[in-house]
Amino acid sequence: MIPIRRLIASVALLTASMTGTARADDIPAPANIGTEQYLGGSFTMDRHLDGFEKPLTSNGDFVLSPARGLVWRTLQPFPGTTILDDHGITRIDDQGNRDELARGDQFRQFVELISAVLAGNWQPLEQRFDITRDTTEQGAWQVILTPKDGSNIAQQISKITAAGTDFVEAVRLEKPTGDHDAITLADQALQSLPLPPEFAALLTGADQ
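Being a predicted model, the structure only gives us computed values, none of them experimental.

1. Focus on the side chain of Thr74
As for its placement among the helices and strands, Thr74 is situated in strand 3 (residues 69–76). What Thr74 contacts, discounting residues up to four positions off in sequence, is Phe43, Ser58, Asn59, Gly60, Pro79, Gly80 and Arg91.

Shown next as structure tokens:
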């Protein structure tokens, strides 16, 4: 039997697809992450680079807290952690050395973008993206984000495709260079704060 939530979402998307560009309010959304919750799960990322026959594959786990930020912890093949928060993007290697990769308003917008996509929160993206919706062959919802003309984000990303059911389960980030990242998210669950200690210590203002 098809879960009622998924059936409603599929019917809504099928009807809405006739109108093309969508408003964020019209798009079925994944489970909402409350201000006192966080989303945790695992990921596999295939990075497709121009000139390389095979993708570079990595996997690990992540924690996303709307109030605090995103921790993206790579376990294989090369351990390391990337932190995306209000201050920008920070990389921590397997020896604990920190490297501030990006700071400033432009990169803060990029952090907000990635967090919103992983959370399936389309509303903040309306001003910078044209949003269209569709369904996959498996009946999941699919959202396509294309940067609006003149958007600064277009210098970093040419298109984002996200798909899923109760959570965002697949994300494809296409870049102006022709490279793209294909991310699969699994084992996802909503939990109540506080964050696990190993993640809380990494995020600014996180509860210990």
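There is more to say, and it comes next.
2. Description of the sheet that holds strand 2 (residues 56–65)
Strand order in the open sheet formed by 11 strands is 6-5-4-3-2-1-11-10-9-8-7, and the pairing between neighbours is antiparallel. In this open sheet, the two strands that pair with only one neighbour each are strand 6 (98–102) and strand 7 (129–135). Averaged over all neighbouring strand pairs, the angle between strand axes comes to 20°, with direction disregarded. Note that strand 9 (residues 159–164) and strand 10 (residues 168–174) share 6 bridges and pair antiparallel. Paired with Lys159 across the strands is Glu174, a residue of strand 10.

3. Focus on the pairing of strand 3
The sheet contact formed by strand 2 and strand 3 spans 7 bridges and is antiparallel. When the sheet's bridge partners are listed, Gly60 is paired in strand 3 with Thr74. In this antiparallel pair of consecutive strands, strand 2 and strand 3, the connection spans 3 residues. Where strand 3 lies against strand 4 (residues 80–85), 5 bridges are found, and the strand directions are antiparallel. When the bridges of strand 4 are listed, Arg73 appears paired with Thr81. The hairpin formed by strand 3 and strand 4 contains 3 residues between the paired strands.

4. Describing unusual backbone geometry
With an omega dihedral of 0°, the bond running from Gln76 to Pro77 counts as a cis peptide bond. Within the fold, Pro77 resides in the loop between strand 3 and strand 4. Looking along the chain, the bond that leaves Leu193 and enters Pro194 is cis, with omega of 10°. Here Pro194 shows up in the loop between strand 11 (180–192) and helix 3 (197–200). Positive phi, normally seen in glycine, also occurs at Asp187, with a value near 55°. In this fold, Asp187 is placed in strand 11.

What counts, and at which threshold
- Residues numbered from 1 in each chain as written.
- Predicted model: local features only at pLDDT ≥ 70, side-chain atom pairs only at ≥ 80, totals over all residues.
- Heavy atoms only, no water.
- Helix = DSSP H or I, 4+ residues; strand = E, 2+ residues; numbered from the N terminus.
- Contact = heavy atoms within 4.5 Å.
- Pairing = 2+ DSSP bridges.
- Axes fitted to C-alpha atoms, helices over the stretch in contact; angles between N-to-C directions.

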